[in-house]
Amino acid sequence: MPTLTLPKILVIGAAGQIGVELTLALRAKYGAENVIASDISAEPELLKSTGPWETIDVLSAMQLQRQVIRAGVTQIYLLAAMLSARGETDPRTAWDLNMDALMNVLEISRELHLQVFWPSSIAAASPSTIYGISKFSGEYLCQYYHAKFGLDVRSLRYPGLISYKTKPGGGTTDYAVDIFHAAIDKKVYECFLKADTLLPMMYMNDAVRATLMLMDTTEEKITNRRSYDISGMSFTPKELFEKIKAFCPSFEIVYEPDHRQKIAESWPETVDDVLARTDWNWKPSWNLCTMVNDMLVKLDEQQMQNRIQKLEMIGEL
Ligand code: NAD
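Small disclaimer: the values here were computed from a predicted structure and weren't measured.

(A) Representation of the sheet that holds strand β6 (residues 120–121) in the model. Strand order in the open sheet formed by three strands is β6-β8-β12, and the pairing between neighbours is parallel. The sheet terminates laterally at β6 and β12 (228–229), the two strands that pair on one side only. Sheet topology places strand β8 (residues 156–158) next to β12; two bridges connect them, and they run parallel. Bridge pairing links L156 to Y228 in β12.

Written as structure tokens, this is what we have:
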């Protein structure tokens with residue numbers, strides 16, 4: 001019987017909104033010791049004692065190379081990036097981080113024949129921000145490295161991601177996470193998008209599952225080497241608010257659109273993911289109702305746990 005060789009994985013940007021959950025899922029699937037989490041930020045509490053951690057600045061090709069060779073890495077998941085809204089405050093830094101990080105990873109992966117996962121975004125569909133332009137260019141760079149060097153690099157265009165474990169890092173769809181924290185904290189939510197702004201979104205569980213599915217697919221089935229569109233659900237701030245209010249009747253919202261409104265309006269409202277469905281059987285599991293229900297339950301549990309921890313720390317329990 002052939003022995004199954006497990007990949008040795010390096011996750012870059014593991015302290016971020018996706019990084020924490022993807023690292024935990026990869027560790028569950030491939031074994032903790034086979035998944036090295038890394039970031040320039042400190043190790044998040046949720047990852048502590050769950051597997052190896054390294055501080056790596058992906059902009060240093062030397063640091064990256066040292067770690068890859070030392071640990072015998074065979075797969076890289078590159079998540080470090082500056083997102084859409086933050087990118088607009090410092091376009092030069094956003095471009096340098098988003099493109100140089102990808103270039104460094106593609107180069108080392110070409111030299112050492114590694115497999116790469118790199119996420120794009122719905123922002124690449126109509127690039128109107130430096131973030132969208134970097135994702136659009138990055139998609140072509142991935143396609144180029146595959147065509148020219150045969151590099152096995154794979155990509156997904158994530159919609160706006162909704163999660164409870166880690167807060168989002170400066171995107172235009174962050175409202176869809178912030179609103180839950182306001183509801184749980186019993187505060188009026190000041191929404192930075194207009195009530196009727198329709199955008200594609202996805203629950204983190206689906207985003208992580210899609211990533212694992214794509215990376216599990218045999219090479220010959222991958223027909224898209226730029227980036228696969230994947231859909232979860234589309235909703236407006238008003239629709240999301242009404243679903244939350246059904247559980248939290250005193251919850252209120254005010255709409256104060258800011259510069260992020262213009263970014264949101266340049267993005268698609270829905271996503272056609274027929275290729276992902278055909279090539280690797282993609283199908284989302286979560287919809288608006290099930291996602292809202294789960295978010296509220298999980299955030300409530302989290303709040304209760306935080307309270308217990310605080311009481312334990314001051315010796316009241
Ligand atoms: P995030 O901002 O939460 O996390 C990014 C992480 O990268 C942070 O922990 C940060 O410390 C780290 N980082 C920054 N510079 C670094 C460097 N030089 N070296 C090493 N690490 C560095 O982002 P996220 O939401 O987890 O997004 C991950 C990826 O998914 C990004 O490429 C993003 O564009 C893409 N994406 C995210 C969403 C979303 O809704 N969150 C949607 C579409 C695409």
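(B) View of the site of the ligand. Among the 27 residues in the neighbourhood of the ligand, the closest are listed as Q17, D39, S41, D57 and Y131. Take Y131: an N or O atom from its side chain is 2.6 Å from an oxygen atom of the ligand. Measuring from an oxygen atom of the ligand, one finds a side-chain N or O atom of K135 at 2.9 Å. A majority-of-atoms criterion places the ligand in the largest pocket.

(C) Expanded view of the pairing of strand β2 (residues 35–39). Where burial is concerned, most of β2 is hidden: five out of the five residues are buried. As paired elements, strand β1 (residues 9–12) and β2 share four bridges and run parallel to each other. Across the sheet, residue I12 finds its bridge partner in β2, namely S38. Pairing geometry for β2 and strand β3 (residues 53–55), over three bridges, is parallel. In the sheet register, A37 faces β3, and the bridge partner there is W53.

(D) How the structure looks around the environment of A210. Within the element layout of this structure, A210 appears in helix α7 (residues 204–216). As a C-alpha pair, A210 and W280 span 70 residues in sequence and 9.4 Å in three-dimensional space. Residue contacts for A210: discarding those within four places in its chain leaves L156, I230, W280 and W282.

(E) Structural view of the pairing of strand β4 (residues 75–78). Neither face of β4 is open: one carries Q75 and Y77, the other I76 and L78, and all of them are buried. Strand direction decides the pairing type here: β4 and strand β5 (residues 115–117), joined by three bridges, are parallel. Considered in β5, the bridge of I76 is made with V116.

What counts and what doesn't
Residues numbered from 1 in each chain as written. Predicted model: local features only at pLDDT ≥ 70, side-chain atom pairs only at ≥ 80, totals over all residues. Heavy atoms only, no water. Pairing = 2+ DSSP bridges. Helix = DSSP H or I, 4+ residues; strand = E, 2+ residues; numbered from the N terminus. Near = heavy atom within 4 Å. Polar contact = N/O pair within 3.5 Å; in protein donor to acceptor, adjacent residues only side chain to side chain. 1 Å grid on protein atoms, 1.4 Å probe; cavity = no way out; pocket = protein on both sides within 12 Å on 5 of 7 lines; lining within 4 Å. Sits in = over half its atoms within 2 Å of the grid points. Buried < 20%, exposed > 50% of the residue type's maximum accessible area, 1.4 Å probe, protein only. Contact = heavy atoms within 4.5 Å.

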